[in-house]
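# A look at the structure
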Amino acid sequence: MKIFAESARSFISSSPTARDRERAWESFQEIGLPTTADEVWRYAPLSEFVIDHFDVANEPRVRDVSAFGEQLCAAGGLVVRVVDGFLSSVSATLDGVSVTSIESATTLRGEDPIERYESDAFALLSVALAPATTILEIAERVNIDQPIIILYDATGSASFSQTQIKVGDASSVTVVEYFEGGSEALVVPLSEYEVGVNASLQLITYQRLDDSAWHVARTTGLIRKDARLRQAVIGMGAHYNRSRNDAELLGTGAENELRTTFLGAGRQVHDFRTHQFHKAQRSRSTLLSKGAVADESRSVYTGLIEIEKGAKRTDARQTNHNLLLSPHAHADSVPNLDIRENDVMCAHASSVGPLDELQRWYLESRGVTRSDAERLIIQGFFYEMLTTLPEELAALVEDDVTAALSSLQMVAP
Amino acid sequence: MTSSLKIEGLRVEVAGKEVLRGFDLFMASGEVHAIMGPNGSGKSTLAHALSGHPGYKVLGGSVLLDGVELLGLSATERARHGLLLALQHPMEVPGVRPLDLLVAAGADPTNLRARMSEEAQRVELRSDVLDRFVNVDLSGGERKRAEMVQLGILRPKFAVLDEIDSGLDVDALGAVSRRLFAATTEWNCGVLVITHFRRLLQELTPTKIHVVSEGRVVATGGPELSEVLERDGYEPFRHQNS
């Protein structure tokens, strides 16, 4: 780990918060990079991962936003640009919205991030090496009508971004996180979202990194009393796309809707992990994960619903459907339940298989060709994730997804 | 232009059992034919086999649409030759919008959304339903009205309607029947309705009624046949052909 370590040390020593970063780096070195012997990394193609292919940049490279990024920005009320973890620009000011950047932050719960992420090597790397934490804060009792767009560009070879989104009590906002760039890069976003009492955060994470990227993302949602977090995570790009999305339902009546979807092509690996942790009464979570794997791609879905003793009348549902579009593609689905309370409603379902033959026949019986029928149904996976987005924005992302899918070869297994 | 649909000696197997056992029917465009018969007589099998449903295996016979043999063709090609099947339980297709379906099915995209709205209005379907995913979260009545919107846009030469009247209230039934009847004059659409109920036939006067029993047509007559069925039931028609 010579090249990477040297660049990391050089970055850390020039930072004003070098001491904290040094501690995080040491913690990382203690646990080391994961191996496939670790259960949570079992399905990752770690034998192909060579950390010395990457080095840590001291400053971001300036680069133009892609055409799609530009369109997306035009649809937003406020655009925040983050390049390799550096807050690079904020397009405007909006009443009730503040965007700031600080060198190193505690977690949204006030914990030391090194303790919080003590067993997560990539998160520890982020704590040591992310240049700053971008903090998006929505005041109390405001409705932000126009979506806020956060554009993340990965220009360097190792790119660490940290983000905290805080929505004040009784406020509502829609945020789109869009990731691009990442050619031959390691991209590690680490995010936290806190939704205040009776507040609502609608979040769309759209990952369109280069197909050569290693993307290791982790998000944590903290949901207070009667608050609502609706999160859609769309994974298109990266060679290895790992996306861990956790939610803690902390207050009575808290609600979490999580939709994740991915499309695997070539030799991509999509690795989705979810954890819905119900800690309060009458909290509700709905999780829908749908994905398709073509060519020689693989996917893993591992989801845990955890219900704490006392979280009475919790309602938790988890659904995972995986489509196999080629005889050489593979999908694993590992749903888990850990329920310590009796008075709950909990359901989970998962499937791995080819496309629904009857849905396809229904479309064919109207004159749609087989390949168009399959394409429509798969596009539909992604469109379903966008139903809660403002129409203009949804149309934009749909067009982009459609264009990306049009080159895909589909062969029934 | 007059089109014809000619079914001869059609034999179809479902789950290892021969359900249609030499089915014959001839109809011309602009006509309304009704197929009636008891449960298990093979009515729905006919509809599904005509449109190439994957669970139905054709053992023999012929289905000619304007002289083109449909049986060897894919479901897509059958539809493109002008056959449309409207189902009792139209499938939900999450993520697919009616407009995208219709464009992919070959509908002219010019003013398509506006034409769909007009069609929706004709069957008293709320226009916003057209922006939702195909049949997702729609009531039984809405689904069947939505099928009529597709019919109005795709303008098939022949429409086969499989128990489209089941579970419909009087208003929906009236709207669907009127739309079908109008189709017979607007583009000379041939309408083949499969039904248990006379109700539909009161709104949509058939040219001919065919009574089906045990996989064959056992009686054919004019609209008056439905009154006989109403009075005497299917029993007198059973085994007539065996």
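A brief structural summary.

## Points about the pairing of strand β5 (residues 148-154) of chain A
Regular strands have side chains that alternate between both faces of the sheet. Residue and element names in this part refer to chain A. Within β5, seven of the seven residues are buried, leaving the element largely enclosed by the surrounding structure. Here β5 shows a buried face lined by I148, I150, Y152 and A154 and a second buried face lined by I149, L151 and D153. Here six bridges tie strand β1 (residues 78-83) to β5, and the two strands are oriented parallel to one another. From the neighbouring strand, V82 faces β5, where its bridge partner is Y152. Relative to strand β7 (residues 172-181), β5 is paired through seven bridges, and the arrangement is parallel. Of the residues in β7, the one forming a bridge with I148 is V175.

## Some remarks on helix α6 (residues 357-364) of chain A
Summarising burial for α6(A): six of the eight residues are buried, a large majority. All of the buried residues along α6(A) are Q359(A), R360(A), W361(A), Y362(A), L363(A) and E364(A). For α6(A), the elements touching its buried residues are α7 (370-385) of chain A together with α2 (75-80) and α3 (98-104) of chain B.

## A word on the sheet that holds strand β5 (residues 68-69) of chain B
All names here are of chain B. Across the sheet, four strands lie side by side as β2-β1-β4-β5; this open sheet has antiparallel pairing. Both outer strands of the open sheet, β2 (17-28) and β5, are each paired with one neighbouring strand and no more. Bridge count for strand β4 (residues 56-65) against β5 is two bridges, and the pairing is antiparallel. When the bridges of β5 are listed, L64 appears paired with E69.

## Considerations on the interface of chain A and chain B
Counting residues at the interface gives 21 residues for chain A and 21 residues for chain B. At the level of elements, α6 and α7 of chain A are the ones that each hand at least two residues to the side of chain A that touches chain B. If you tally residues by element for the side of chain A that touches chain B, the top one is α7(A), at nine residues. When grouped by side-chain class, the residues that make up the side of chain A that touches chain B number nine nonpolar, six polar and six charged.

## Overview of the packing of α6(A) against α7(A)
Residue and element names in this part refer to chain A. The interhelical angle for the contact between α6 and α7, taken along N-to-C directions, is 120 degrees, at an axis separation of 9 Å. It follows from the interaxial angle that α6 and α7 lie oblique. As α6 runs across α7, the sense of the crossing is right-handed. When α6 is examined against α7, the residues Q359, R360, L363 and E364 are found in contact with a partner set consisting of R370, A373, E374, L376 and I377. Split into classes, the residues belonging to the contact of α6 with α7 amount to four nonpolar, one polar and four charged.

## As for helix α5 (residues 140-154) of chain B
Residues and elements named next belong to chain B. Along its 15 residues, α5 runs 21 Å from first to last C-alpha, staying within 8% of the 21 Å computed at 1.5 Å per residue. Within α5, 11 of the 15 residues are buried, which leaves the element mostly enclosed by the surrounding structure. Here α5 has its buried residues at R143, K144, R145, A146, E147, M148, V149, Q150, L151, G152 and I153. On the buried face of α5, the contacting elements are β6 (83-86), α3, α4 (112-122), β7 (158-162) and α6 (170-186). The positive-phi residue at the C-terminal boundary of α5 is R155, with phi of around 45 degrees.

Parameters and conventions
Residues numbered from 1 in each chain as written. Chains lettered and ligands numbered in written order. Predicted model: local features only at pLDDT ≥ 70, side-chain atom pairs only at ≥ 80, totals over all residues. Buried ≥ 20, exposed ≤ 12 C-beta atoms within 10 Å, placed from the backbone. Helix = DSSP H or I, 4+ residues; strand = E, 2+ residues; numbered from the N terminus. Pairing = 2+ DSSP bridges. Contact = placed C-beta atoms within 7 Å. Nonpolar A, V, L, I, M, F, W, Y, C, P; charged D, E, K, R; others polar. Axes fitted to C-alpha atoms, helices over the stretch in contact; angles between N-to-C directions. Parallel < 35°, antiparallel > 145°, perpendicular 65-115°, else oblique. Left-handed = near helix turned anticlockwise from the far one by under 90°. Expected span 1.5 Å × (residues − 1).

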